[in-house]
Amino acid sequence: MDALHLLTTRRSSKKLTAPAPNADQLEAMLQAATQVPDHGNMRPFRFTVIQSAEGLQRFREILCRTVTELNFGDDVMRKAERVGNMAPMVIGVTFAPNREVAKPKPEWEQMLSAGCAAYGLQLAASAQGFDNVWITGMWVNSPLLREAFGCSDKDKIIGLMMIGSSVEEGGGAKNTDLEQFVTTW
């Protein structure tokens, strides 16, 4: 798949099933995710790969415990169950600001780098024939998930990358009307 085609046709898919990436494909995805623009080579990102049956079960339990402990109710519990069963592989992407260098970059620049790493992960999955969706919402703020991912006080989970094979046929290019987004001088 050529890069321009990949960039113009990648779409989110919430109906995912097995297979998920194998070990070599996952390695390629993580390598791609770490090659993003990164001012000063700060590497302000961490990845938590959830793929084993036990890991996915633990992930589902954490989502459900989050709903229970925060009293979110039955509707949110059903959503937690859907999210917990959405994909055969979940990769949590955490922004972990780096302050251990002589000249640290501003945190906002580091967060952009972490966001690029998450997108690089998505693109590398798509390039290998896997579909995915980037989930945020209440889940990325779950104190239980933050603890499970080993987050420090300053760390922030910026996304749960749900990865697998799409159950449905994907759409094509969106053909965005660029006039509303572009100014030419």
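Residues numbered from 1 in each chain as written. Predicted model: local features only at pLDDT ≥ 70, side-chain atom pairs only at ≥ 80, totals over all residues. Heavy atoms only, no water.

### Quick look at helix H5 (residues 107–127)
Then, in step 1: For H5, with 21 residues, the first-to-last C-alpha span of 30 Å sits near the 30 Å given by 1.5 Å per residue.
Then, in step 2: Looking at the residues trailing H5, positive phi occurs at glycine 129, about 90°. (Helix = DSSP H or I, 4+ residues; strand = E, 2+ residues; numbered from the N terminus. Expected span 1.5 Å × (residues − 1).)

### Overview of a nonpolar patch on the surface
Then, in step 1: Taken together, the side chains of Leu7, Tyr119 and Trp134 define a hydrophobic patch exposed on the protein surface, amounting to about 260 Å² of accessible area.
Then, in step 2: Inspection of the secondary structure assignment puts leucine 7 in helix H1 (residues 3–9).
Then, in step 3: On the basis of relative accessibility, which here comes to 45%, the residue leucine 7 falls in the partly exposed class. (Patch = residues over 30% accessible without salt bridge, like charges linked within 9 Å, V, L, I, M, F, W, Y side chains within 5 Å. Areas by Shrake-Rupley, 256 points an atom, 1.4 Å probe, with all protein chains shown as cover. Salt bridge = Lys/Arg side-chain N within 4 Å of Asp/Glu carboxyl O. Buried < 20%, exposed > 50% of the residue type's maximum accessible area, 1.4 Å probe, protein only.)

### Here's the deal with the packing of helix H3 (residues 53–69) against helix H4 (residues 74–84)
Helix-helix packing is characterised by the crossing angle of the two axes and by the distance between the axes.
Then, in step 1: Put simply, H3 and H4 touch, their axes get as near as 9 Å, and they point 165° apart. Our classification of the angle between H3 and H4 gives roughly antiparallel. Considering how the two elements wind past one another, H3 and H4 form a crossing that is right-handed. Contacts from Phe59, Arg60, Leu63, Cys64, Val67 and Thr68 in H3 reach Val76, Met77, Ala80, Glu81, Val83 and Gly84 in H4.
Then, in step 2: Taken together, the residues of the contact of H3 with H4 sort by class into eight nonpolar, two polar and two charged. (Axes fitted to C-alpha atoms, helices over the stretch in contact; angles between N-to-C directions. Parallel < 35°, antiparallel > 145°, perpendicular 65-115°, else oblique. Left-handed = near helix turned anticlockwise from the far one by under 90°. Contact = heavy atoms within 4.5 Å. Nonpolar A, V, L, I, M, F, W, Y, C, P; charged D, E, K, R; others polar.)

### With respect to the pairing of strand E3 (residues 89–95)
Then, in step 1: With respect to burial, E3 is a largely interior element, seven of its seven residues being buried.
Then, in step 2: Alternating residues of E3 divide into Met89, Ile91, Val93 and Phe95 and Val90, Gly92 and Thr94, and every residue in both groups is buried.
Then, in step 3: With seven bridges joining them, E3 and strand E5 (residues 156–166) adopt antiparallel strand pairing. Of the residues in E5, the one forming a bridge with glycine 92 is leucine 160. (Pairing = 2+ DSSP bridges.)

### A closer look at helix H2 (residues 23–33)
Then, in step 1: Along H2, the positions that sit buried rather than exposed are Leu26, Met29 and Ala33. For H2, the buried positions fall inside an angular range of 60° around the axis, keeping them on one side.
Then, in step 2: On its buried face, H2 sits against strand E2 (45–50), E3, H5 and E5.
Then, in step 3: Its side-chain oxygen at 3.0 Å from the backbone nitrogen of aspartate 24, asparagine 22 defines the N-terminal cap of H2. (Arc of directions from axis to C-beta. Polar contact = N/O pair within 3.5 Å; in protein donor to acceptor, adjacent residues only side chain to side chain.)

### Notes on the nonpolar core
Nonpolar side chains in soluble globular proteins tend to end up buried together.
Then, in step 1: Ranked by size, the top nonpolar core spans 25 residues in total, and within it Phe59, Trp139, Leu160 and Met162 carry the most contacts.
Then, in step 2: Of all the secondary-structure elements, those providing two or more residues to this core are H3, H4, strand E4 (131–135), helix H6 (143–148) and E5.
Then, in step 3: Among the elements that make up this core, the one with the highest residue count is H3 (five residues).
Then, in step 4: Excluding its chain neighbours within four sequence positions, the residues that come into contact with methionine 162 are Leu16, Phe59, Val83, Met86, Ala87, Met89, Val90, Asp131, Asn132, Val133 and Ile135. (Core = buried A, V, L, I, M, F, W, Y, C linked by side-chain atoms within 4.5 Å.)

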